[in-house]
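# Inside the fold
Chain residues, written in single-letter form:
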Amino acid sequence: MEADRHIQARFVTRQPKYAVPDVPYSIPVNVSYPELSNLIKSVLKETNGQVSNGFDFLVAGEFVRSSLLEHLEAKGVSTESVIEVEYLEEFPPPNARDSLQHDDWVSSVHGSNEWFLSGCYDNSVHIWTKDGTSVFNFAAHTGPVKAVRWLTVDYPTCSFVTASHDQTIVVWEWNIESNATECVGICRGHERSVDCIAIDEHHKWLASGSHDNMLKIWSLTNDENHIEIAETQRKRLKSDGRGVATKTPIGTLAGHQEAITAVQWTGWNELCTASSDHTIRLWDVELGGMKSQLAGTKNFLDVSYSPLNNLLVSGSGDRHVRLWDPRSKEGSLIKTVFTSHTNWVSCVRWSTTSEYHFISGDRKSVV
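Now for a quick tour of the structure. Since the model is a prediction, treat every value here as computed from it, not as a measurement.

Calculation criteria
- Residues numbered from 1 in each chain as written.
- Predicted model: local features only at pLDDT ≥ 70, side-chain atom pairs only at ≥ 80, totals over all residues.
- Heavy atoms only, no water.
- Helix = DSSP H or I, 4+ residues; strand = E, 2+ residues; numbered from the N terminus.
- Contact = heavy atoms within 4.5 Å.
- Polar contact = N/O pair within 3.5 Å; in protein donor to acceptor, adjacent residues only side chain to side chain.
- Disulfide = S-S within 2.5 Å.
- Salt bridge = Lys/Arg side-chain N within 4 Å of Asp/Glu carboxyl O.
- Buried < 20%, exposed > 50% of the residue type's maximum accessible area, 1.4 Å probe, protein only.
- Pairing = 2+ DSSP bridges.

### Here we look at the environment of Lys291
On the secondary structure map, Lys291 appears in strand E23 (residues 289–295). C-alpha of Lys291 to C-alpha of Cys272: the two residues are 19 residues apart in sequence and 9.8 Å apart in space. Beyond its immediate chain neighbours, meaning those up to four positions away, Lys291 contacts Glu270, Leu282, Trp283 and Asp284. Of note is the side chain of Lys291, whose polar atom sits 2.6 Å from the side chain of Glu270.

Following this line, the structure appears as structure tokens:
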């Protein structure tokens, strides 16, 4: 009978303190993942005394959420050989602490230690405390706000950048004491909606991606000597007649055939972009050209880079999350494909403290 069948499984983990003896285990083929968790906990208790709340399991790159047999059949894995089962410590799902209401779609959120920003399709930007208290909101653009990023967070003045469907990027200063914002710079140069922005770690450079397929670089300082590409900055700094600096890009990188959906700095002179043209591209800012291209089969919606492991993770319209090693010289650049989502994966983000953890979200509101 099916219920009496057993298979051979070898359990592996990347968390050494939870490692079990590297030998095949005979387990029922219809075992559930909670039963697998109890098995690992009992083996750990007998061998090294380690205790955990529980474990999650991956087979063929996907979390087991049914009986093991159903999972193996769905993934096309044979039960005739020893099955490799990867496990990791289980973390309980986070509980929602609050719901922060907006009048329209929320397009972008960016946090700091004290505050966080949100951009909305009603053209507004909101500033919140970290416990969810509304501090300030204002109409920042004449079109939907598509991206927001903190630039500096100091007392009494903070600065941040917003990008919009109105084709502009605006630099703002927020005075905490007076609770007022002031526009201190407008970046003009894109011909369609500006959908994504990224600020380098030294807060000197801004990169923007647009529905016009272009990647543009802007200087956030008036120092013309800090990097070679900024030599023409003085010529490109104008005034709108009201004392607000209007900047044009100091560099434009063309190559994508469709809208740029995500941009991120991967080094002091290197950028990564994702696009609806089914490609992820790495760019050399100093030389002003593309370094390499990663090709997919569907539109890419987001990409994130981790300086801890030098890997990229991407979200796509084919419902998959992919792990890339863009510097790999041997084998496939795609190291792993994660297939648990059932809708377009619209956002991905690496942990800033762990090289093994990232988060992904899809258009069915599943994180």
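### Thoughts on the state of the cysteines
Under the definition given, this model contains 0 disulfides. Not part of a disulfide, Cys196 finds its nearest cysteine sulfur in Cys272, a span of 11 Å. Cys347 takes part in no disulfide bond, and the closest cysteine sulfur to it belongs to Cys196, at a distance of 14 Å.

### Examining the pattern of salt bridges
Here the structure, examined in full by the defined rule, presents 11 salt bridges. For the salt bridge of Arg327 with Glu270, the shortest nitrogen-to-oxygen distance reads 3.0 Å. Taken together, the positions of Arg327 in the loop between strand E26 (321–324) and strand E27 (334–338) and Glu270 in strand E21 (residues 270–275) put the pair 57 residues apart, joining distant regions of the chain. Residue Glu270 is classed as buried on the basis of its relative accessible area, which comes to 8%. Arg322 is the salt-bridge partner of Asp318, the closest N and O atoms lying 2.7 Å from each other.

### Describing the pairing of strand E5 (residues 83–89)
Summarising the sheet, strand E1 (residues 6–12) and E5 pair through 4 bridges and their orientation is parallel. Looking at E5, one finds that Val12 is bridged to Glu86. Where strand E3 (residues 55–59) lies against E5, 4 bridges are found, and the strand directions are antiparallel. The residue of E5 that forms the bridge with Phe55 is Glu89.

That is the geometry; function is a separate question.
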